[in-house]
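# Breakdown of the fold
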Amino acid sequence: SADLLDWLDCDVLDGSLYIEDTSLTDLEGLSNLVSISGDVIIFGNDNLENIQALENLCSVGGYIEISTNPALTDLEGLVNLATVGDFLDISSNPSLVDLSNLSNLDTIEGFLSVSKNDALESIEHLMDVSWIGENLLMYRNTNLCHSHVMAFIEALGSGLGGDVENITANKDAC
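Reference entry: report on the structure contained in this document. Just so it is clear, the structure is predicted and the values come from calculations on it, not from any experiment.

### Quick look at the overall build of the chain
Counting secondary structure elements, the chain contains two helices and 13 strands. By the compact-globule yardstick of 16 Å for 174 residues, the chain fits well, its C-alpha radius of gyration being 15 Å. Its C-alpha atoms give the chain principal-axis dimensions of about 45 × 30 × 20 Å. Expressed as a percentage of the 174 residues in the chain, the buried residues total 47%. Nonlocal contacts in the chain, meaning residues at least 24 apart in sequence, comprise 56% of its contacts between residues at least 6 apart. Accessible surface, the chain as shown: approximately 7,600 Å² in total, 45% of it carbon and sulfur.

In structure tokens:
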């Protein structure tokens, strides 16, 4: 996989990063990225096990969609991500266990959607998010305790610019 991405030897990408329907197991070669002005889409990568190479990424000017990556177990590469200029959608990643590597995330200008991540058990590290500019959706995460979702909403307080749109079908009894 490194050979495919080694061409990207920059720290700022003025544009968008699309990693869709690849056979990559990792994103080696992207470790220099600190900022992306556009969107980040990581979608439909059956073999993608980690995104650790994005560990220096601090800001994304557009939206981030991480969806339908069945082998992805964590978001380790997003440990330094602080701001998202539009929405953040983390959905349909059946092996994703927690969002612990989003502990430095402070601002999401658009909506936050976390849905259909069957193994997801914890959103504890989202507690430091201080602003979500639009709606919150957190649904159909069958191992995520509803009480954790409610604690997140309470911690967010007035830092939600939109509505709590959908928080259904998470785990009731915890």
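### Comments concerning the environment of Ala53
For Ala53, the location among the structural elements is in the loop between strand E4 (40-43) and strand E5 (59-60). Residue class for Ala53 comes out buried when judged on its relative accessible area of 12%. Sequence-wise, Ala53 and Gly38 are 15 residues apart; in three dimensions their C-alpha atoms are separated by 18 Å.

### Quick word on the sheet that holds E5
Across the sheet, six strands lie side by side as E1-E3-E5-E7-E9-E11; this open sheet has parallel pairing. Edge positions in the sheet fall to strand E1 (12-13) and strand E11 (131-132), since each of these pairs with one other strand and no more. Sheet analysis places strand E3 (residues 35-36) next to E5, joined by two bridges and oriented parallel. Its bridge partner being in E5, Ile36 is matched across the sheet by Val60.

### Some words on helix H2 (residues 146-156)
One turn of an α-helix holds 3.6 residues; hence residues three or four places apart share an orientation. What H2 keeps buried is the set Val149, Phe152, Ile153 and Leu156. Looking down the long axis of H2, one finds its buried residues gathered within 100 degrees of arc, a one-sided arrangement. On its buried face, H2 sits against strand E10 (112-115), E11, strand E12 (136-139) and strand E13 (164-166). Within two residues after H2, Gly157 carries a phi angle of roughly 50 degrees, on the positive side.

### Some details on the sheet that holds E12
The strand order across the open sheet formed by seven strands is E2-E4-E6-E8-E10-E12-E13, and the pairing between neighbours is parallel. The open sheet has two free edges, formed respectively by strand E2 (17-20) and E13, since each of these has just one partner strand. The average undirected angle you get between the axes of adjacent strands in this sheet is 10 degrees. Packing of H2 onto the sheet brings it into contact with E10, E12 and E13, and relative to E12 it is tilted by some 165 degrees.

### A closer look at the state of the cysteines
Using the criterion set out here, one finds one disulfide in the structure. Disulfide pairing places Cys145 opposite Cys174 at an S-S distance of 1.9 Å. Residues Cys145 and Cys174 are joined by a disulfide whose S-S torsion is about -115 degrees; by sign, that bridge is left-handed. Here Cys145 is found in the loop between E12 and H2, whereas its partner Cys174 is found in the segment after E13, with 29 residues between them in sequence. For Cys145, a relative accessible area of 10% gives the class buried.

### Quick look at unusual backbone geometry
The phi dihedral of Asp21 falls on the positive side, at around 50 degrees, and the residue is not glycine. Within the secondary structure, Asp21 is located in the loop between E2 and E3. Phi is positive for Ser92, close to 55 degrees, though the residue is something other than glycine.

### Some points on the pairing of E12
Burial along E12 is two-sided: the face carrying Leu136 and Met138 and the face carrying Leu137 and Tyr139 are both buried. The pairing of E10 with E12 spans four bridges and is classified as parallel. Note on E12: the bridge partner recorded for Ser115 is Tyr139. Of the pairings in the sheet, the one linking E12 to E13 comprises two bridges and is parallel in character.

Conventions adopted
- Residues numbered from 1 in each chain as written.
- Predicted model: local features only at pLDDT ≥ 70, side-chain atom pairs only at ≥ 80, totals over all residues.
- Heavy atoms only, no water.
- Helix = DSSP H or I, 4+ residues; strand = E, 2+ residues; numbered from the N terminus.
- Rg over C-alpha atoms; globule rule 2.2 N^0.38 Å.
- Buried < 20%, exposed > 50% of the residue type's maximum accessible area, 1.4 Å probe, protein only.
- Contact = heavy atoms within 4.5 Å.
- Areas by Shrake-Rupley, 256 points an atom, 1.4 Å probe, with all protein chains shown as cover.
- Pairing = 2+ DSSP bridges.
- Arc of directions from axis to C-beta.
- Axes fitted to C-alpha atoms, helices over the stretch in contact; angles between N-to-C directions.
- Disulfide = S-S within 2.5 Å.

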